[in-house]
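Given next are the chains, with one letter for each unit.
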Amino acid sequence: SLEFSPRLGHEIRQLEFELDTSVVTDTDDDVETVEVELTPVGIEFESGDELRLEIERTHESLDEGFEIFEGIDVPADDYDFTRVRLEFDSAEKRRFGVEAFVTGGEFFDGDRQTYSAGLSWRPNALFRGGLEYTHNDVSLEAGDFETQVGRLRADFSFSQELSWNSFVQWDNVSNTFGVNSRWRWIPRPGQELFFVFNQTLMNEDDSLAPLYQELAVKLVYTLRY
């Protein structure tokens, strides 16, 4: 990883130029995946907003094919593909925040476009809410498919000792809603109590049917000596 981040001041606080590389091999040292990510320019404005352009080059060596979507297989082969990503993140200080990116380019033996947008709301120190939607449009030699994922979260911080975080996620592939809700209480440093509720709901005939429910309790106690 190489990074150069000069500070400018005025309207543009900092620029970012970065190169990240990762190589994954199997136990015989044969290369499976090579990823090179180049950031030709990233801009952090004085307001805290950020804008970034990234170029990703990927090599995948598949010894075995796999099913990437129902009825659509990616065959075993060596693949090289390039993708470009443009991303914007608004400053954390804003009451209403925006996170968005668009990615497009090659993908295995075809291409893929990804669009994602998220909104956050911080009316006060007690509450933070968020809404996010991601859409993938994939076209391969074996067929085309689309995936959609929606997320909704609500985080309450009643105090430094007590918080409640909830998360709901839906996707069009499984057509289910996943719910995660967690209470966390810290009566004193080194002691924590968690109540966690998980549930999966199937969307059928315009109604929701529970598939899975779980309630977990976790106690953390630190012994000092």
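Residues numbered from 1 in each chain as written. Predicted model: local features only at pLDDT ≥ 70, side-chain atom pairs only at ≥ 80, totals over all residues. Heavy atoms only, no water.

J.: Please give an account of a negative patch on the surface that cites residues and values.
T.: A grouping of Asp28, Asp29, Asp30, Glu32, Asp63, Glu64, Asp77, Asp78, Asp80 and Glu106 is seen on the molecular surface, where their side chains present a negatively charged patch. If you trace the backbone, aspartate 28 turns up in the loop between β3 (12-25) and β4 (31-45). Residue class for aspartate 28 comes out exposed when judged on its relative accessible area of 58%. (Patch = residues over 30% accessible without salt bridge, like charges linked within 9 Å, V, L, I, M, F, W, Y side chains within 5 Å. Areas by Shrake-Rupley, 256 points an atom, 1.4 Å probe, with all protein chains shown as cover. Salt bridge = Lys/Arg side-chain N within 4 Å of Asp/Glu carboxyl O. Lys, Arg positive; Asp, Glu negative; His and termini not counted. Charge placed at Lys NZ, Arg CZ, Asp CG, Glu CD. Helix = DSSP H or I, 4+ residues; strand = E, 2+ residues; numbered from the N terminus. Buried < 20%, exposed > 50% of the residue type's maximum accessible area, 1.4 Å probe, protein only.)

J.: Provide a residue-level description of the packing of aromatic side chains, including the pertinent values.
T.: Aromatic ring pairs are described here by two measures, namely the spacing of the ring centres and the angle between the planes. Evaluation of the coordinates by the stated rule reveals 14 aromatic pairs. Seen in terms of ring centroids, phenylalanine 156 and tryptophan 164 are 5.5 Å apart; in terms of plane orientation they differ by 20°. Their pairing is stacked. According to the relative accessible area criterion, phenylalanine 156 is partly exposed, its value standing at 23%. Overall, the relative accessible area of 27% leaves tryptophan 164 in the partly exposed class. Between tryptophan 164 and tryptophan 183, the aromatic rings sit 5.1 Å apart at their centres with planes inclined by 10°, giving stacked as the arrangement. Here tryptophan 164 is found in strand β13 (residues 162-171), whereas its partner tryptophan 183 is found in strand β14 (residues 176-188), with 19 residues between them in sequence. Each residue in the set Phe96, Trp121, Phe127, Phe156, Phe158, Trp164 and Trp183 is aromatic and connected to the rest through ring pairs, giving one cluster. (Phe/Tyr/Trp six-rings, centres within 6.5 Å; stacked < 30°, edge-to-face > 60°.)

J.: Residues and numbers for unusual backbone geometry, please.
T.: Phi is positive for phenylalanine 108, which is not a glycine, with a value near 50°. Looking at the element boundaries, phenylalanine 108 is found in the loop between β9 (96-107) and β10 (110-121). Relative accessible area serves as the criterion here: at 12%, phenylalanine 108 is assigned to the buried category.

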